Amino acid sequence: MLQVWSLEGIPEVSPGDDLVALIGDAVDRGEPLVDGDVVVVTSKIVSKAEGRLLRSDDREEAITAQTVRLVASRTSPAGHVTRIVENPLGIVAAAAGVDASNTPEGTVLLLPEDPDASARSIAAGLRQRTGARIGVLITDTLGRAWREGQIDQAIGAAGVHVFEDLRGQTDAEGRPLVVTQPCVADEIAAAADLVKGKSSRMPVAVARGRADLVGALDLPGARSIVRPAERDMFRRGADEAYADGFAAGRIAPH
């Protein structure tokens, strides 16, 4: 049985704060961590602790600076521009993950520079402090292609198998599973968001019940979830792809 609960009492995080100490103190006030637990940490507090706060009155300028590749852009009837881009982490997301919510006026928050390394640091610290063999996921809120709304997904991982590889096994009818590979890191991230919320000031949750997914700290991190370019069948938005093809057709020799 999967159990998920949030940790209460974590204060507002500032640059330089020790997240292991803050999370550990919150754990001490409640349920102790045990082997196999997964600690799920909202990326916003990791970014704040790592000083990823950028003074910028122009969020669009910050998004441009964090853009490696434009995937799609749309302008609403009201003139608001939404950009789906690839950021330096390889993540394809709206606004490159640049966040202006719950930050001081005139600032924006960037994603952690290396979420997998951040997760390893937190996991190692919590393992040492608690004596429990735990895993850590760092999450961010992302949209999904072909689906409205957003969910939390894993952008950093340490000590957690991010996939449950069922390929080569059989289903209940004995048929072979050829491509079945659930991204369990994203599933746990989404479940944890149900108890963390977006405005409850509870940025950390614990998931218990899947100890089989917890392992060594050098397991592949969440970067392994990002689909490589050679397997990406949708690298451009429909309008952008049409424009590219139209432009290529105009300059092609007849």
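Here the structure is a predicted model, which is why all the values come from computation and not from measurement. (Residues numbered from 1 in each chain as written. Predicted model: local features only at pLDDT ≥ 70, side-chain atom pairs only at ≥ 80, totals over all residues. Heavy atoms only, no water.)

J.: Which residues make up the overall build of the protein, and what values go with them?
T.: What the protein contains, in helices and strands, is 6 helices and 10 strands. Against the compact-globule benchmark of 18 Å for 254 residues, the protein has a radius of gyration of 20 Å, which places it among compact chains. The dimensions of the protein, computed from C-alpha atoms along their principal axes, are 70 × 60 × 30 Å. On the protein, roughly 14100 Å² of surface is accessible, and the fraction owed to carbon and sulfur atoms is 53%. Where the 28 positive side-chain charges of the protein centre and where its 37 negative ones centre are 3 Å apart. (Helix = DSSP H or I, 4+ residues; strand = E, 2+ residues; numbered from the N terminus. Rg over C-alpha atoms; globule rule 2.2 N^0.38 Å. Areas by Shrake-Rupley, 256 points an atom, 1.4 Å probe, with all protein chains shown as cover. Lys, Arg positive; Asp, Glu negative; His and termini not counted. Charge placed at Lys NZ, Arg CZ, Asp CG, Glu CD.)

J.: Can you tell me about the packing of helix α1 (residues 19-28) against helix α4 (residues 115-130), naming the residues and giving the values?
T.: Relative orientation of the contacting elements α1 and α4 amounts to 45°, with a least axis distance of 9 Å. When the axes of α1 and α4 are compared, the pair comes out oblique. For α1 against α4, the interelement crossing comes out right-handed. The segment α1 lies against α4, with Leu19, Val20, Ala21, Ile23, Gly24, Asp25 and Asp28 engaging Ser121, Ile122, Gly125, Leu126 and Arg129. Each residue belonging to the contact of α1 with α4 can be placed in one class, and the counts come to 6 nonpolar, 3 polar and 3 charged. (Axes fitted to C-alpha atoms, helices over the stretch in contact; angles between N-to-C directions. Parallel < 35°, antiparallel > 145°, perpendicular 65-115°, else oblique. Left-handed = near helix turned anticlockwise from the far one by under 90°. Contact = heavy atoms within 4.5 Å. Nonpolar A, V, L, I, M, F, W, Y, C, P; charged D, E, K, R; others polar.)

J.: Requested: an account of the packing of aromatic side chains, with residues and values cited.
T.: For any pair of aromatic rings, geometry is given as the distance between the ring centres together with the angle between the planes. All told, the structure shown has 1 aromatic pair when counted by the stated rule. Look at Trp146 and Phe234: their rings are 5.0 Å apart centre to centre, the planes differ by 85°, and that puts the pair in the edge-to-face class. Of this pair, Trp146 sits in the loop between β8 (135-144) and β9 (147-158) while Phe234 sits in the loop between β10 (204-208) and α6 (238-251); the two residues are 88 residues apart in sequence, bridging distant segments of the chain. Look at Trp146 and you get exposed, because its relative accessible area is 74%. (Phe/Tyr/Trp six-rings, centres within 6.5 Å; stacked < 30°, edge-to-face > 60°. Buried < 20%, exposed > 50% of the residue type's maximum accessible area, 1.4 Å probe, protein only.)

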